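Spelled out from the first residue to the last, the chains are:
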Amino acid sequence: MNKKTAFAITGIAAILAVAVLVFTTTSQTAFAATVNIDIVTGASSKTIDAFSPNPTKAHVGDTVIWTNKDAAMHTVTSGRNNIPNGKFGGDADGNVHLLSQNNTQEFKPTEPGDYLYFCSLHPTMVGTLKVEPAGSN
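First, a word on what this report is: a plain description of the structure on this page.

Here we take up the overall build of the protein. The secondary structure content of the protein amounts to 1 helix and 9 strands. Secondary structure elements of the protein occur, N-terminal to C-terminal, as α-β-β-β-β-β-β-β-β-β. Counting only residues that meet the buried cut, the protein has 31% of its 137 residues in that class. Intrachain contacts of the protein at a sequence separation of at least 6 include 64% that bridge at least 24 residues. A total of about 8,200 Å² of accessible surface is found on the protein, and carbon and sulfur atoms cover 59% of it.

Rendered as structure tokens:
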């Protein structure tokens, strides 16, 4: 192989590597969506039907937005059995983000898995966010 051929092959390989990187980054971003979950009216007297939809499916990189449609204050706190785990809606020490009517809370998952959550003011209100890898169906 002469030097010109080797140089050409190296150049083509570099261009392909950049193209793959750009495509991969763009395709992961292009599939990101906004996923809306409502805290329904009368939620404090409900359980698994206090959040709608529930369970909710999202993907890594999506923006999940909870909106309080109820007149009462609520939280969306990650964890279970009224024990926060600090992933969203507050921290593991129990400090929470209160949502008044029509206010929102956002979370952008970075890892797939099932994220359980509850309202720390009304712990019978529970939900599940099922996060799948980016770009999966």
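Tracing the sequence through the fold places Thr75 in the loop between strand 4 (63-68) and strand 5 (77-80). Polar contacts involving the side chain of Thr75 include one to the side chain of Thr77, which spans 2.9 Å. For Thr75, the side chain forms a polar contact with the main-chain nitrogen of Ser120, separated by 2.7 Å. Setting aside chain neighbours within four positions, we find Thr75 in contact with Phe51, Val96, His97, Leu98, Phe118, Cys119, Ser120 and Leu121.

Read from one edge of the open sheet, 4 strands run 2-1-4-7, paired in mixed fashion. Looking at strand neighbours, the two that pair on one side only are strand 2 (51-52) and strand 7 (104-107), the edges of this open sheet. Relative to strand 4, strand 1 (residues 34-39) runs parallel, the two sharing 6 bridges. By the bridge assignment, Ile39 is partnered in strand 4 with Asn68.

It is worth spelling out the environment of Asp91 at this point. Residue position: Asp91 is located in the loop between strand 6 (83-84) and strand 7. With relative accessibility at 29%, the residue Asp91 sits in the partly exposed group. A C-alpha to C-alpha distance of 8.5 Å links Asp91 and Thr77, two positions 14 residues apart in sequence. Those residues in contact with Asp91 that lie beyond four places of it in its chain are Pro84 and Gly86.

Let us look at the environment of Pro112. Mapped onto the fold, Pro112 is located in the loop between strand 7 and strand 8 (113-118). In the structure, Pro112 is positioned 21 residues away from Pro133 in sequence and 5.5 Å away in space, judged by C-alpha atoms. If we skip the residues at most four places from it in the chain, Pro112 touches Val60, Val131, Glu132 and Pro133.

What follows deals with the sheet that holds strand 5. Overall, mixed pairing links the 5 strands, which are arranged 3-9-8-5-6 in an open sheet. Looking at strand neighbours, the two that pair on one side only are strand 3 (56-59) and strand 6, the edges of this open sheet. Where strand 8 and strand 9 (residues 126-132) come together, 6 bridges link them in antiparallel fashion. If you follow Tyr117 over to strand 9, its bridge partner there is Gly127.

Cut-offs used in this document
Residues numbered from 1 in each chain as written. Predicted model: local features only at pLDDT ≥ 70, side-chain atom pairs only at ≥ 80, totals over all residues. Heavy atoms only, no water. Helix = DSSP H or I, 4+ residues; strand = E, 2+ residues; numbered from the N terminus. Buried < 20%, exposed > 50% of the residue type's maximum accessible area, 1.4 Å probe, protein only. Contact = heavy atoms within 4.5 Å. Areas by Shrake-Rupley, 256 points an atom, 1.4 Å probe, with all protein chains shown as cover. Polar contact = N/O pair within 3.5 Å; in protein donor to acceptor, adjacent residues only side chain to side chain. Pairing = 2+ DSSP bridges.

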